[in-house]
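Given next are the chains, with one letter for each unit.
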Amino acid sequence: LGVLPSLPLNTIKNNEPMNTKEIRISDYNYPLPDERIAKFPLPQRDHSKLLLYRHGEVSEDVFYHLPDYLPKGALMVFNNTRVIQARIHFRKTTGALIEVFLLEPAAPADYELMFQTNGSCMWFCLIGNAKKWKEGTLARSFSVKGKPITLTVSRPTTASATDTTELAHVSAVPKDSQLVSFSWDNPDVSFADILDVAGELPIPPYLNRETQESDKTTYQTVYSKVKGSVAAPTAGLHFTTDVLGALDAKGIDREELTLHVGAGTFRPVKSEQIADHPMHTEYVSIRRQTIEKLISHDAQAIAVGTTSVRTLESLYFMGCRLAKNPNAKESDLHIEQWEPYETTPQLSPVEALQHILRWLDRNNKTTLHSSTQIIIAPGYEYKIVKGLVTNFHQPQSTLLLLVSAFVKGDWRTIYDYALAHDYRFLSYGDSSLLFRQV
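Rules behind the numbers
Residues numbered from 1 in each chain as written. Predicted model: local features only at pLDDT ≥ 70, side-chain atom pairs only at ≥ 80, totals over all residues. Heavy atoms only, no water. Buried < 20%, exposed > 50% of the residue type's maximum accessible area, 1.4 Å probe, protein only. Helix = DSSP H or I, 4+ residues; strand = E, 2+ residues; numbered from the N terminus. 1 Å grid on protein atoms, 1.4 Å probe; cavity = no way out; pocket = protein on both sides within 12 Å on 5 of 7 lines; lining within 4 Å. Points joined across faces, edges and corners; volume = space filled by probe spheres on them. Nonpolar A, V, L, I, M, F, W, Y, C, P; charged D, E, K, R; others polar. Salt bridge = Lys/Arg side-chain N within 4 Å of Asp/Glu carboxyl O.

Once that is clear, we can look at helix α3 (residues 191-198). Taken across its eight residues, α3 has six buried, putting it largely inside the fold. The complete set of buried residues in α3 reads Phe191, Ala192, Asp193, Ile194, Leu195 and Ala198.

Here you go:
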């Protein structure tokens, strides 16, 4: 491939920019030919390549040897979200094809309740071919568990949407989303049942292909449990039951959290400086047990995927919020995009997590439900994540910024090696194990 262009000053290793907001996204570009994007996974998940980055040095192995590189007694944290079949197509009587892409549940707003709903519900959605559907209803008939059903969708007026008190998180959804009302004529059928039949799994747009039946299995992690994502936490796609068993055999602790991955994960950074890029909000839930386990490991964890990173690092700032306001409501714990850069850390990570535990106890809760808009970019100082399992991300993406922050600007060493050694990129591509530069 030859030598990559000389690095701009603000991306040189160990010389990260002083002002994160002034980062130019063009400085985080690299050549990614289409043939380097993995269109399908390997036949065996755990046979992907594994790039290792330790102490500024790069080496490689295969993924099923991952446990060999982790210290006994370490804590790994996985995101157990499950991808839903979020694309639903409707055909108008005129012949126009309309795509309704589910983004966030609106009424009920709770994910678990949403999938159990019978009869009707509302979602915030992206509408494909929206200019062909400006008003009226669309309908589609099919069978669920041998029973005929007709699914109808409409777009409520702004006034009626405002009257819906459950829409507490309206500001968190993309501005180009639309509120869509769903109703169906069989009360014995849940919305989860409908999606299983009428929905289509939303594989990433950069794969440039139609969803295939195999994607229903390969685009889910083997430990996925909680429905709600519209994209997979792809770092976890390499794990198999054999690899998980090998982690257990070595004495690696495993914990799970839930962050439902939104469509915003694919949103390109269109602004020159990242100060002008609006980061997407994603919803998280963390069990008390996981907080306790983090504390017992001195608030040090190996995160599987960038979604786990965003959740774990957000916990620190939630704890700081609670230190100042112990009686805060759960809705007050949302972490704003730039909050980490505007907060002077005064607590250790363990102290921050202990504030969350005390808050859970005071409120008789076993799980923290919150949301985060955090952007992690060069200049950010990691609090909890010490190791990271992750794939290779798109050029000029917020995920690449997160990796750069983790390795103190040395991301080009990693990506130059991967490009020169035939690594496969993006969701179905190869993996890496990175240890944080300090």
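Taken as a whole and judged by the stated rule, the model has five cavities of 30 Å³ or more. Considering the residues around the largest cavity, the lining is formed by 27 residues, among which Thr234, Thr265, Thr306, His393 and Leu399 are closest to the centre. Every element with two or more residues in the lining of the largest cavity is listed here: α7 (306-324), β16 (385-391) and α10 (398-406). It is α7 that provides the largest number of residues to the lining of the largest cavity, a total of three residues. When the residues that make up the lining of the largest cavity are grouped by side-chain class, the tally is 12 nonpolar, 13 polar and two charged. Approximately 110 Å³ is the volume found for the second largest cavity. Forming the boundary of the second largest cavity are Pro41, Leu42, Gln44, Arg45, Ser48, Thr218, Leu237, His238, Arg424, Ser427, Tyr428 and Gly429. Looking at the lining of the second largest cavity residue by residue, the class counts come to four nonpolar, six polar and two charged.

The tally for this structure, following the rule as stated, stands at 17 salt bridges. Notably, a salt bridge pairs arginine 288 with aspartate 361, separated by 2.8 Å at the nearest N-O pair. Pair noted here: arginine 288 is in helix α6 (residues 288-296) and aspartate 361 is in helix α9 (residues 349-362), with a separation of 73 residues, a long-range link. A salt bridge links glutamate 330 to lysine 365; the shortest N-O distance between them is 3.8 Å. Highlighted residues: glutamate 330 in the loop between α7 and α8 (339-342) and lysine 365 in the loop between α9 and β15 (367-372), separated in sequence by 35 residues. The partly exposed category is assigned to lysine 365, whose relative accessible area is 30%. Among the charged side chains, a salt-bridge network with shared partners connects Glu255, Arg287 and Lys293.

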